[in-house]
Amino acid sequence: MTSQNRRWLLIGSVLVVGGALAMLVFTSFTGALVYFYTPSEIMAKGNELNGRKVRIGGMVQEGSLVREPGTLKIRFLVADNNERLPVQYEGMTPDLFREGQGVIVEGTWRAGATFQAATILAKHSEDYVPVDMTEEGIAKSKESMLKSLR
Amino acid sequence: MIKWFSKWHGVVFVATLLTLLTGLWLVLSAPADYQQGDAVRILYIHVPAAKMSLLSYLFLTVASGMYLWRRQEPWDILAEASVSVGAAFTALTLASGSIWGKPMWGAWWAWDARLTSMLVLLILFMGLMALRNALEDPHKAARATAVLAIIGAVDLPIIHYSVVWWRTLHQPPSFAGPAKQTITGDLLPPLLVMSVAFILLGAWLLMVKSREVAARRAWETLETERLEQSHG
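Residues numbered from 1 in each chain as written. Chains lettered and ligands numbered in written order. Predicted model: local features only at pLDDT ≥ 70, side-chain atom pairs only at ≥ 80, totals over all residues.

Trainee: Can you help me understand the overall build of chain A in this one?
Mentor: A count of helical and extended segments in chain A gives three helices and seven strands. Listing every helix and strand of chain A by position from the N terminus yields α-α-β-β-β-β-β-β-β-α. Residues classed as buried in chain A amount to 32% of the 150 residues present. (Helix = DSSP H or I, 4+ residues; strand = E, 2+ residues; numbered from the N terminus. Buried ≥ 20, exposed ≤ 12 C-beta atoms within 10 Å, placed from the backbone.)

Trainee: Explain the packing of helix α2 (residues 40-70) of chain B against helix α6 (residues 155-165) of chain B to me, please; I cannot follow it from the model alone.
Mentor: A packed helix pair is summarised by two numbers, namely the angle formed by the two axes and the spacing between the axes. Residues and elements named next belong to chain B. At a closest axis distance of 11 Å, the pairing of α2 and α6 adopts a crossing angle of 155°. Considering their axes alone, α2 and α6 lie roughly antiparallel with respect to each other. The two elements α2 and α6 cross, and the hand of that crossing is left-handed. Along its contact with α2, which presents Leu54, Tyr57 and Leu58, the element α6 presents Leu156, Ile159 and His160. (Axes fitted to C-alpha atoms, helices over the stretch in contact; angles between N-to-C directions. Parallel < 35°, antiparallel > 145°, perpendicular 65-115°, else oblique. Left-handed = near helix turned anticlockwise from the far one by under 90°. Contact = placed C-beta atoms within 7 Å.)

Trainee: Looking at this model, I keep getting lost on the pairing of strand β7 (residues 119-123) of chain A. Mind explaining?
Mentor: Moving residue by residue along a regular strand, the side chains alternate between the two faces of the sheet. Residues and elements named next belong to chain A. The buried count for β7 comes to four of five residues, which makes it a mostly enclosed element. Note: strand β5 (residues 102-108) against β7, five bridges, orientation antiparallel. The residue bridging valine 105 from the neighbouring strand is isoleucine 120, located in β7. (Pairing = 2+ DSSP bridges.)

Trainee: Explain the interface of chain A and chain B to me, please; I cannot follow it from the model alone.
Mentor: A common measure of how large an interface is: the accessible area buried when the components associate. At the interface, 39 residues of chain A touch 46 residues of chain B. Only α1 (3-30), β7 and α3 (135-148) of chain A provide two or more residues apiece to the side of chain A that touches chain B. The dominant element in the side of chain A that touches chain B, judged by the number of residues it contributes, is α1(A), at 12 residues.

Trainee: Would you take a moment to explain the nonpolar core for this structure?
Mentor: Within soluble globular proteins, side chains that are nonpolar generally end up buried alongside one another. In terms of nonpolar packing, the biggest core is built from 89 residues, with A:Ile56, A:Val78, A:Val87, A:Val103, A:Val105 and B:Ala79 touching the most fellow members. For this core, the element with the highest residue contribution is helix α3 (residues 73-104) of chain B, accounting for 12 residues. Lining this core are residues from two domains, each supplying at least three of them: domain 1 (1-32) and domain 2 (39-148) of chain A. If we skip the residues at most four places from it in the chain, A:Val105 touches A:Ile56, A:Val78, A:Val87, A:Phe115, A:Ala117 and A:Ile120. (Core = buried A, V, L, I, M, F, W, Y, C linked by C-beta atoms within 7 Å. Domains from an automatic or database assignment.)

Trainee: Even after reading the chapter, I still don't get the pairing of strand β1 (residues 53-60) of chain A, so can you show me in this structure?
Mentor: All names here are of chain A. The element β1 is extensively covered by neighbouring structure, given that six of its eight residues are classed as buried. Across seven bridges, the pairing between β1 and β5 is antiparallel. The residue of β5 that forms the bridge with methionine 59 is glycine 102. Inspection of the sheet shows β1 paired to strand β3 (residues 73-79) by two bridges, in the antiparallel sense. The residue of β3 that forms the bridge with valine 60 is valine 78.

Trainee: I keep staring at the environment of A:Ala117 and nothing clicks. Help me out?
Mentor: By the secondary structure assignment, A:Ala117 is in strand β6 (residues 115-117). Since 23 C-beta atoms lie within 10 Å of it, A:Ala117 is described here as buried.

Trainee: Explanation requested: the environment of A:Leu85 in the structure shown.
Mentor: Residues and elements named next belong to chain A. Relative to the helices and strands, leucine 85 resides in strand β4 (residues 84-90). Sequence separation between leucine 85 and threonine 30 is 55 residues; the distance between their C-alpha atoms is 27 Å. In contact with leucine 85, not counting residues within four places along its chain, are Pro39, Ile42, Ile56, Leu77, Val78 and Phe115.

That's the geometry; what it means functionally is another story.
Below is the structure:
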């Protein structure tokens, strides 16, 4: 390696590593690392978020999921302990997307209108239960999911 | 140290292979998860790989600190070797996580706190390799990488606590003290055996890589001496 190449490698590696570390530490303190908001937090902010891209995380409300026959369109409610937010989506859903499970919906917030999700991400809880599971295991899994959404 | 590695790496290799085969057999014979189905089997690779990524960096931090304190070359050889081993485990963690994330979450990647801080760890390992290559004087290179490695250790608590401190897409830890353990019954043994297998694999890789680093340095010293002789 020529000495000039070495110098560029030196500057480049220090800049990239320093930049990545500085960005991580900075975002740690500004709260930008929070990946999603809960329906309650979104409702509390209301108009302030108008036109902004948001991620909302909660549980898919049991009994709220409606699939429009012959299309990929779905409607459901995203719920936390206090609020329920209606969401519409068109497209494929992840394997773990189910009623009573955690979900994160991504889209542009329009106050007053039904939330149109551009992306749906299923959230998995930290519980791992074999297929021949017990009722107790399932109940515990739901409890942890709710806890992680607080 | 290198002599000891040369004597024992074969034994560690056999132990690694046997544990890994037992682990893989358990991984394939364990029941599926009631939510994830068979995809849960990817996590038996992903979780041990992630643990080893952090452990490699922890080892690197200790070796770097010891080198700066004592200025003994073996510590620097261990540091250089652990960077390569750590980079491999981190890359495996990110790749296996992506393969699990696509079908389960519906995304290969998400910029949440856990994934982002883990990517920073990979950048750190790559940056440390680049920095060592960028400095011609080996002593200077050893000192600079040791200092950068110790500064970079700030990422370790961020990775570990990311899923607790911030809301993430990544799930929180399944083991947190004796009171919390959320992996049930038959899903646990494959994880434990694979964890042991990965610790052995990490030790074996470190031994082999250290021998390679030491041999390369010895060769470079010989070459320099010969050049000096032919010029003198």
